[in-house]
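# Structure assessment
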Amino acid sequence: VVGKLNQFCYGKGSCFELFGLDILLDEALKPWLIEVNVACSLSSSSPLDKRVKHMLMTDLLHLVGPVPFQRGGDRRHSATQAPATGAGGASDVDATAEAGVG
């Protein structure tokens, strides 16, 4: 696993995993861990659920800070190298689409 990770994951934050925690609060607001889900569901059953999960993924991607994938060139990014528009904004997607990539 480590060999494949080193082969395909370049730079800090290029690989991550999301866990789901089920927590119960008692009368004193003391948290109790019920279970940890390694394959948590991101499907939405209500508008509130959709909004919560959207914000979760937004925060997760801001924390991880992925960099855009560059085909054909050097895919290794240094931790200090930032994409041209910040953290992979819409203009990165537009530029990729205009170049006929993706």
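For clarity, every value in this text was computed on a predicted model and none was experimentally measured.

Moving on, we come to the overall build of the chain. Counting its secondary structure elements, the chain contains 3 helices and 2 strands. Its helices and strands taken in sequence order, the chain reads α-β-β-α-α from the N to the C terminus. Across the 102 residues in the chain, those meeting the buried criterion constitute 9%. Taken as a whole, the chain presents about 8400 Å² of accessible surface, with 60% of it coming from carbon and sulfur.

This paragraph deals with the pairing of strand S2 (residues 31-37). Sheet analysis places strand S1 (residues 20-25) next to S2, joined by 6 bridges and oriented antiparallel. Within the sheet, the bridge partner assigned to Gly-20 lies in S2 and is Asn-37. Hairpin remark: S1 followed by S2, antiparallel, with 5 residues in the connecting loop; positive phi at Leu-29, about 65°.

Tracing the backbone shows Pro-31 in strand S2. Ignoring any residue separated from it by four or fewer positions in sequence, one finds Pro-31 in contact with Ile-23, Leu-24 and Leu-25.

Between its first and last C-alpha, helix H2 (residues 47-64) extends 26 Å over 18 residues, near the 26 Å set by a 1.5 Å rise per residue. Three or more residues of H2 are buried, namely Asp-49, Lys-53, Leu-60 and Val-64. Along the axis of H2, the buried positions cluster into a sector of 30°, meaning they face one direction only. Facing away from the buried surface of H2 by more than 90 degrees, the exposed residues are Pro-47, Leu-48, Arg-51, His-54 and His-62.

Chain-level pLDDT for the chain is 73 on average; 63% of the residues reach the 70-or-more range. The least confident element of the chain, judged by mean pLDDT, is helix H3 (residues 90-98) at 40; the most confident is S2 at 95. Here residues 78-102 is modelled with pLDDT under 50, and outside its nearest four sequence neighbours on either side it reaches 14 contacts, counting other chains as well.

The next subject is the side chain of Lys-53. Summarising the element assignment, Lys-53 is placed in helix H2. Of the polar contacts made by the side chain of Lys-53, one reaches the backbone oxygen of Ser-41; its length is 3.3 Å. Apart from the residues lying within four places of it in its own chain, the contact partners of Lys-53 are Ser-41, Leu-42, Ser-43 and Ser-44.

Backbone phi values are negative for most residues with the exception of glycine, while trans is the configuration of most peptide bonds. The phi torsion at Leu-29 lies on the positive side, around 65°, for a residue other than glycine. Residue position: Leu-29 is located in the loop between S1 and S2.

Quick notes on the rules
- Starting from 1, residues in each chain are numbered consecutively following that chain's sequence as written.
- Whole-chain, interface and lining totals are the exception, using all residues; otherwise, since this is a predicted model, local features are given only for residues with pLDDT of at least 70 and side-chain atom pairs are given and counted only at 80 or more.
- By convention in this description, side-chain values take in all heavy atoms of the structure and omit both hydrogens and water.
- Helix and strand assignments come from DSSP, with helices taken as H or I runs of at least 4 residues and strands as E runs of at least 2, each series counted from the N terminus.
- Whether a residue is buried, partly exposed or exposed follows from its accessible area with a 1.4 Å probe, protein chains only, as a fraction of its type maximum: under 20%, in between, or over 50%, in that order.
- What sets the accessible areas is the Shrake-Rupley method with a 1.4 Å probe; for residues, cover comes only from the shown protein chains.
- Only strands that DSSP links by at least two bridges are regarded as paired with each other.
- Note on definitions: a residue-residue contact is assigned when non-hydrogen atoms from the two residues lie within 4.5 Å.
- By this rule the span expected of a helix is its residue count minus one, scaled by 1.5 Å.
- Throughout, the arc means the angular range of directions from the helix axis out to the C-beta atoms.
- A residue's pLDDT is simply how confident the predictor is in it, with values from 0 to 100.
- Pairs of N or O atoms within 3.5 Å make up the polar contacts considered here, provided that, within protein, one atom can donate a hydrogen while the other can accept it, and that residues adjacent in sequence are counted only when both atoms are side-chain atoms.

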